[in-house]
Amino acid sequence: MNINKILIAFLFLFLSFLSPVTAEDIKDLPDEELPAINPFLGGAGVGSTTGESLSSDGITQSGGLSLKNFKLNGVIIGESKKFAIFSFPDGRTVKYEEDTILSNNLMILDIFSDRVYIKINDVEHSLDLNNNLLKTEG
């Protein structure tokens, strides 16, 4: 029994000296880049339900979700569901399906691979991946 303990202790000491980590090894680690958006910022730059929203003629009005703080990042198209991915200035991202009501006067109608159709104050608009908002007829 004593011999087994001595052998295990010897093996442990041998393995610990085999690959030591020194302070020089830690200094050689590359510096990590900081994120472009501060994740600890909170909701400071996000429009609230009492913020401004873009109306059909491009003028902002009070009440509703703010489109000027929304940015369309991309779309996900599956067999049965389609999602639009939006981001806020503070780095948060949200995904919405088709026929989703975001506020009293803002609704996502259709999602395609290159654009999203939304309804603002009963007027249909097209929002492409470059975040150009165009009024559509139909």
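Scroll up a little and you will see the structure.
Here the structure is a predicted model, which is why all the values come from computation and not from measurement.

The rules behind these values
Residues numbered from 1 in each chain as written. Predicted model: local features only at pLDDT ≥ 70, side-chain atom pairs only at ≥ 80, totals over all residues. Heavy atoms only, no water. Helix = DSSP H or I, 4+ residues; strand = E, 2+ residues; numbered from the N terminus. Buried < 20%, exposed > 50% of the residue type's maximum accessible area, 1.4 Å probe, protein only. Lys, Arg positive; Asp, Glu negative; His and termini not counted. Salt bridge = Lys/Arg side-chain N within 4 Å of Asp/Glu carboxyl O. Polar contact = N/O pair within 3.5 Å; in protein donor to acceptor, adjacent residues only side chain to side chain. Contact = heavy atoms within 4.5 Å. Core = buried A, V, L, I, M, F, W, Y, C linked by side-chain atoms within 4.5 Å. Phe/Tyr/Trp six-rings, centres within 6.5 Å; stacked < 30°, edge-to-face > 60°. Pairing = 2+ DSSP bridges. Axes fitted to C-alpha atoms, helices over the stretch in contact; angles between N-to-C directions.

1. Observations regarding unusual backbone geometry
Glycine aside, residues mostly have negative phi angles, and peptide bonds mostly take the trans form. Positive phi outside glycine occurs at D122, with the angle close to 65 degrees. Within the element layout of this structure, D122 appears in the loop between β8 (115-120) and β9 (123-128). A relative accessible area of 71% places D122 in the exposed class. Unlike most non-glycine residues, N131 shows phi in positive territory, near 65 degrees.

2. Observations concerning the side chain of D128
In this fold, D128 is placed in strand β9. Of the side chains bearing the opposite charge, R115 lies closest to the buried D128, which forms no salt bridge; the N-O distance is 5.0 Å. At a separation of 2.7 Å, a polar atom in the side chain of D128 contacts the main-chain amide nitrogen of N132. In this structure, D128 is in contact with L72, D114 and R115, ignoring residues within four places of it in sequence.

3. Some remarks on the nonpolar core
L72, A84, F86, I108, V116 and I118 are the most contacted members of the largest nonpolar core, which totals 13 residues. At the level of elements, β4 (82-87), β7 (106-111) and β8 are the ones that each hand at least two residues to this core. Apart from residues no more than four positions distant in its own chain, V116 is found in contact with L72, V75, A84, I108, D110, I111, H125, S126 and L127.

4. A closer look at the packing of aromatic side chains
This model, assessed by the stated rule, comprises 2 aromatic pairs. Note on F86 and Y96: the rings are 6.2 Å apart at their centroids and 55 degrees apart in plane angle, and the pair reads as tilted. With F86 in strand β4 and Y96 in strand β5 (residues 93-97), this residue pair connects regions lying 10 residues apart in the sequence. Here F86 matches Y96 in class, with each residue buried. Residues F112 and Y117 carry aromatic rings whose centres are separated by 5.6 Å and whose planes lie at 90 degrees to one another, so their mutual orientation is edge-to-face. F112 sits in the partly exposed class, given a relative accessible area of 37%.

5. Considerations on the pattern of salt bridges
Enumeration according to the criterion identifies 1 salt bridge in this entry. Put simply, R115 and D114 hold a salt bridge, and the shortest N to O gap is 3.8 Å.

6. Overview of the environment of Y96
Placed 13 residues apart in sequence, Y96 and F83 show a C-alpha to C-alpha distance of 5.4 Å. Setting aside chain neighbours within four positions, we find Y96 in contact with F70, K82, F83, A84, F86, L102, I108 and I111.

7. So, the sheet that holds strand β3 (residues 71-77)
Each strand in a sheet pairs with its neighbour through backbone hydrogen bonds, running either in the same direction (parallel) or in the opposite one (antiparallel). Taking strand neighbours across the sheet as the criterion, the 3 strands line up as β3-β4-β5 in an open arrangement whose pairing is antiparallel. Each edge of the open sheet carries a strand with a single partner, namely β3 and β5. Between one strand axis and the next, the sheet turns by 25 degrees as a mean value, whatever way the strands run. Note: β4 against β5, 5 bridges, orientation antiparallel. Looking across to β5, one finds that F86 is bridged to V94.

That's the geometry; what it means functionally is another story.
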